[in-house]
Structures are given as structure tokens and as C-alpha cells.
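One letter stands for each residue in the lines below.
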Amino acid sequence: DVSMASGGAVETETRTITPIKSLDGIVTLPGSKSLSNRCLLLAALSEGSTRVDNLLERDDIRYMLDALDQMKVPVERHSAESVTGTGQNGPINSPSGDETCELFLGNAGTAMRPLAAALCMGQGKFVLDGVSRMRERPIADLIDGLKQLGADVTCV
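Every chain's residues receive numbers from 1 upward, in the order its sequence appears when written. This being a predicted model, a pLDDT of at least 70 is required before a residue's local features are given, and a value of 80 or more before pairs of side-chain atoms are given or counted; all residues contribute to the totals for chains, interfaces and linings. For the side-chain quantities, the full set of heavy atoms in the structure was used; hydrogens and water were omitted.

Can you walk me through a nonpolar patch on the surface in this structure?
Patch definition: residues above 30% relative accessible area lacking any salt bridge, with like charges linked at up to 9 Å and the nonpolar side chains Val, Leu, Ile, Met, Phe, Trp and Tyr linked at up to 5 Å. The protein chains shown are the only cover counted for residues, whose accessible areas, like all others here, come from Shrake-Rupley with a 1.4 Å probe. The rule for a salt bridge is simple: a side-chain nitrogen of Lys or Arg has to be within 4 Å of a carboxyl oxygen of Asp or Glu. Nonpolar side chains collect at one region of the surface, where Val 27, Leu 29 and Leu 35 lie side by side and expose about 250 Å² of accessible area between them. For helices the rule is a DSSP run of H or I covering at least 4 residues; for strands it is a run of E covering at least 2, with both sets numbered from the N terminus onward. Inspection of the secondary structure assignment puts Leu 29 in the loop between strand 2 (9-13) and helix 1 (33-45). Burial here depends on accessible area, computed with a 1.4 Å probe over protein chains only, as a share of the maximum for the residue type. Under 20% is buried, over 50% is exposed, and the range in between is partly exposed. Judged by its relative accessible area of 37%, Leu 29 is partly exposed.

What should I look at first to understand the side chain of Asn 37 in this one?
Locating Asn 37 in the fold gives a position in helix 1. Identification of polar contacts relies on pairs of N or O atoms within 3.5 Å, with a donor-acceptor requirement for protein atoms, meaning one able to donate a hydrogen and the other able to accept it, and with residues adjacent in sequence counted only if both atoms are side-chain atoms. Polar side-chain contacts of Asn 37 include one of 3.2 Å to the backbone oxygen of Asp 60. Those residues within four positions of Asn 37 in sequence are excluded, and the remaining contacts are Asp 60, Ile 61, Met 64, Thr 110 and Ala 111. Note on contacts: a residue pair qualifies if any of its non-hydrogen atoms lie within 4.5 Å across the two residues.

In this structure, what is going on with helix 1? I would like to understand it.
Given 3.6 residues to a turn, an α-helix orients residues that are three or four positions apart in the same direction. Given a rise of 1.5 Å per residue, 13 residues ought to cover 18 Å, and the 19 Å separating the end C-alpha atoms of helix 1 matches this to within 8%. Buried within helix 1 we find Ser 36, Asn 37, Leu 40, Leu 41, Ala 43 and Ala 44. Angular distribution of buried residues about the axis of helix 1 spans 160 degrees; they occupy a single face of the element. Buried-residue contacts for helix 1 involve strand 3 (49-52), helix 2 (59-70), strand 5 (82-86) and helix 3 (109-119). Sitting at the head of helix 1, Ser 32 places a side-chain oxygen 3.3 Å from the backbone nitrogen of Ser 34. The span you would expect from a helix comes to 1.5 Å times its residue count less one. Each direction from the helix axis to a C-beta atom contributes to the arc, which is the arc of those directions.

In this structure, what is going on with the packing of helix 2 against helix 3? I would like to understand it.
How two helices pack is summed up by the angle between their axes together with the distance between the axes. Relative to each other, helix 2 and helix 3 sit at 40 degrees, their axes nearing to 8 Å. In terms of their interaxial angle, helix 2 and helix 3 are classed as oblique. Counting all contacts with helix 2, which are made through Asp 60, Met 64 and Ala 67, the residues of helix 3 involved are Gly 109, Thr 110, Ala 111 and Leu 115. Here the contact of helix 2 with helix 3 is built from residues that sort into four nonpolar, two polar and one charged. Think of each axis as a best-fit line through the C-alpha atoms, taken over the contacting stretch in the case of a helix, with angles from 0 to 180 degrees between the N-to-C directions. Oblique is the label for every angle not falling under 35 degrees (roughly parallel), over 145 degrees (roughly antiparallel), or within 65 to 115 degrees (roughly perpendicular). Each residue gets one label: Ala, Val, Leu, Ile, Met, Phe, Trp, Tyr, Cys and Pro are nonpolar, Asp, Glu, Lys and Arg are charged, and the others, such as Gly, are polar.

I keep staring at the nonpolar core and nothing clicks. Help me out?
A general trend in soluble globular proteins is that nonpolar side chains are found buried together. Judged by nonpolar contacts, the single largest core of 32 residues is most densely connected at Leu 40, Leu 68, Met 71, Leu 103 and Leu 115. Only helix 1, helix 2, strand 6 (100-104), helix 3 and helix 5 (140-148) provide two or more residues apiece to this core. With six residues, the top contributor of residues to this core is helix 2. Only buried residues count toward a nonpolar core. Its members are Ala, Val, Leu, Ile, Met, Phe, Trp, Tyr and Cys residues joined through side-chain atoms within 4.5 Å.

Here it is in C-alpha cells:
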């Protein structure tokens, strides 16, 4: 529902958005740490395979790729700038069963924040950590938002 005020009166308009069943094509985006890691994560969550080209050669991207490897999400590396990920067709579950899956993300905020949110949809226990500087970066708002959505998540 969308509410709009015009001249003191409030109008409510309802719009229904139908889900996308599939997407096929080529999207060319500029090189970006944030876009690169979001594309990798979306590829991991999707159904089928997704080729991602023009990845930046940065630590943030390497940490995300390492985390996907550790979680057993298949990622074929064609070059430093090109990979194909095979999606999990939904949430990413811990490959460790009852054991905690510990992911080291260095100082990669572009990996930490979206990965923290996405892993709340899956099953298992995860610990996302990084360098001492990462531990100083703000993440409380994300944690609070995830808790409000029912996620069992804490920041230590």
C-alpha cells in the first residue's frame, strides 16, 4: 500500500507486483566492490548458473569468493575478473552441519553486511569475523533490523 498526502487528504493506492520467474540476459555494470559482491551473492542464491564478468581484483571480492568456497557454493574461476557460480536455488545452509561455519572476511564490509543478512535465511550456525578494523565498523543497525525480522543473530 502506498499513501500519499495531497491537499490534506490521504489517498491509498494498492499495487501488486508479480514475482520474476526467470531472468536471462546480459547486464553490464561498472566495476565496483559493492556490485561485484552483490552479484556473487545473488548468483549463489539463484537457480542455475550465473556468469559474472568484470569483477574487481580486490580483497573484498577475494574474501567473498573464499567464503562461497568454504560454504560449498560451486564457483568456477575463468580468470581473476570472471567466474561462474552455480546457485543454491534459495538459502545457503552451513556445510558444517551442527558445527559452526567460521568465515573470515578481512575488512570487507561489502561482503560482511549482505552475507550476514543472506545467511540468516539458511540453516546452521555461522560466525562472520574479520580483522580488528572490521570489528570497529558499525553493524548494529543491521543486527537490530535482522532481529526485528526474527533472525537469531548477535554481534559480539
